[in-house]
Protein chains: 2
Amino acid sequence: MSGANLKKVGLKVTLPRLKILEILERAGDDHHLTAEDVYKLLLEQDEEVGLATVYRVLTQFEQAGIVRRLNFENNISNFELDTGDNHDHLVCLKTSKVKEFVDPVIEERIQEIAKENGYDLSGHSLVIYGTLTNEA
Amino acid sequence: MSGANLKKVGLKVTLPRLKILEILERAGDDHHLTAEDVYKLLLEQDEEVGLATVYRVLTQFEQAGIVRRLNFENNISNFELDTGDNHDHLVCLKTSKVKEFVDPVIEERIQEIAKENGYDLSGHSLVIYGTLTNEA
DNA sequence: TTTTGTGCAAAGAGTTTGCAACTAG
DNA sequence: CTAGTTGCAAACTCTTTGCACAAAA
């Protein structure tokens, strides 16, 4: 993911956008960042980017399919790079650590359930909540 | 559900609480009301209840296990009577109509996934989004 | 009467927007 | 040059809180 990709979706290649992309990449799998998180990380590396810009950029990325917006229980948005695999999430209620998983069985049932009920499926959101017991 | 049940969970039987309970009951399966919805319904039947009270009461009901709080995509809370069956939701993106379902296969997979990943399962949230095609 | 609940207005959190200054193409 | 982008402050939406008054037990 880089400048070329930004251009491809019709977004000018600017410093804030590149930096935010970089932060999302660096965050990896079990960090699903809030806008605030991204903003703070930018400050830590002495980038002068406003919080409003972070929101705008994340929203644009979402619309461009670069980023997924996740809504966990707290009514606050978390963002992750959209890797294309349509994974779901396991959230630890103690540590807030997030793990990703894909389950073909569930995936299939979801499609069937949508069909059975006369819905034209467009997506789903599955979050499993629990507490991590013995850390691997 | 009535005054007796309120008392059982340690809540005084008051008019706002009874009226809100009544509204939730009347709403039925495919109406998952926001606090605002409940508030407006109260006004429509000429009940003088403040929005803050609606929020307070719904939160108390949630803690008492009378009500479930649902968070769909929009980061706004919807409330429904907690019937005990742990159902999930199908949401129509056009009409916002909500349908409930229970799927044993998915239920089982969720338990397995939690275990496989070393999580002590405490709950989950599954929402399927789609558009209702030919209304039944 | 004592405890608990209520209404109102104000505060709070997260997010969005208007606008003048700036910058990539 | 000029259309798109940014930072800031102000606005907005949903939700919670402080407090004086009111109602339940």
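Residues numbered from 1 in each chain as written. Chains lettered and ligands numbered in written order. Predicted model: local features only at pLDDT ≥ 70, side-chain atom pairs only at ≥ 80, totals over all residues. Heavy atoms only, no water.

A. Molecular detail of the sheet that holds strand β4 (residues 98–101) of chain B. If you trace the six strands from one edge of the open sheet to the other, you get β5(A)-β4(A)-β6(A)-β5(B)-β3(B)-β4(B), paired in mixed fashion. The outermost strands of the open sheet, each flanked by one partner alone, are β5 (98–101) of chain A together with β4 of chain B. Direction aside, neighbouring strands of the sheet carry axes that sit 25 degrees apart on average. Pairing analysis gives four bridges linking strand β3 (residues 88–92) of chain B to β4(B), with the strands arranged antiparallel. In the sheet register, B:D88 faces β4(B), and the bridge partner there is B:F101. Helix-sheet contacts for helix α5 (residues 104–116) of chain A involve β4 (88–92) and β6 (119–132) of chain A together with β3, β4 and β5 (119–132) of chain B, and the interaxial angle to β6(A) is about 135 degrees. Packing against the sheet, helix α5 (residues 104–116) of chain B makes contact with β4, β5 and β6 of chain A together with β3 and β5 of chain B, and its axis sits at approximately 135 degrees to β5(B). (Pairing = 2+ DSSP bridges. Helix = DSSP H or I, 4+ residues; strand = E, 2+ residues; numbered from the N terminus. Axes fitted to C-alpha atoms, helices over the stretch in contact; angles between N-to-C directions. Contact = heavy atoms within 4.5 Å.)

B. Representation of the sheet that holds strand β1 (residues 33–34) of chain A within the structure. Residues and elements named next belong to chain A. On the basis of which strands lie adjacent, the open sheet formed by three strands has the order β1-β3-β2 and antiparallel pairing. If you trace the sheet from one side to the other, it starts and ends with β1 and β2 (67–71), each paired once. Sheet topology places β2 next to strand β3 (residues 77–81); five bridges connect them, and they run antiparallel. Bridge pairing in β3 links L70 to N78.

C. Up close: the relation of the copies chain A and chain B. Screw-axis analysis of chain A against chain B gives a translation of 0.0 Å along the axis, an RMSD of 0.1 Å, and a rotation angle of 180 degrees. On this basis, the relationship between the two copies can be described by a two-fold rotation axis. (Least-squares fit on C-alpha atoms with pLDDT ≥ 70 in both.)

D. Representation of the protein's contact with DNA strand C in the model. In the vicinity of DNA strand C there are 21 residues, among which A:Y55, B:T14, B:R17, B:E48 and B:T53 approach most closely. Of everything in DNA strand C that lies within 4 Å of the protein, sugar and phosphate atoms constitute 68%. A distance of 3.0 Å separates a phosphate oxygen of DNA strand C from a polar backbone atom of B:G50. Going through the elements one at a time, α4 (51–63) of chain A together with α2 (15–27) and α4 (51–63) of chain B are the ones with two or more residues in the surface near DNA strand C. Considering only residue class, the surface near DNA strand C consists of 10 nonpolar, four polar and seven charged. (Near = heavy atom within 4 Å. Polar contact = N/O pair within 3.5 Å; in protein donor to acceptor, adjacent residues only side chain to side chain. Nonpolar A, V, L, I, M, F, W, Y, C, P; charged D, E, K, R; others polar.)

E. Seen up close, unusual backbone geometry. All names here are of chain B. The phi angle at D46 is positive, at roughly 55 degrees, despite the residue not being glycine. Assignment of secondary structure puts D46 in the loop between α3 (35–44) and α4. In this structure, N75 takes a positive phi of about 60 degrees despite not being glycine. Taking the relative accessible area as the measure of exposure, N75 reaches 25% and is therefore partly exposed. (Buried < 20%, exposed > 50% of the residue type's maximum accessible area, 1.4 Å probe, protein only.)

Function cannot be read off these values alone, since they describe shape.
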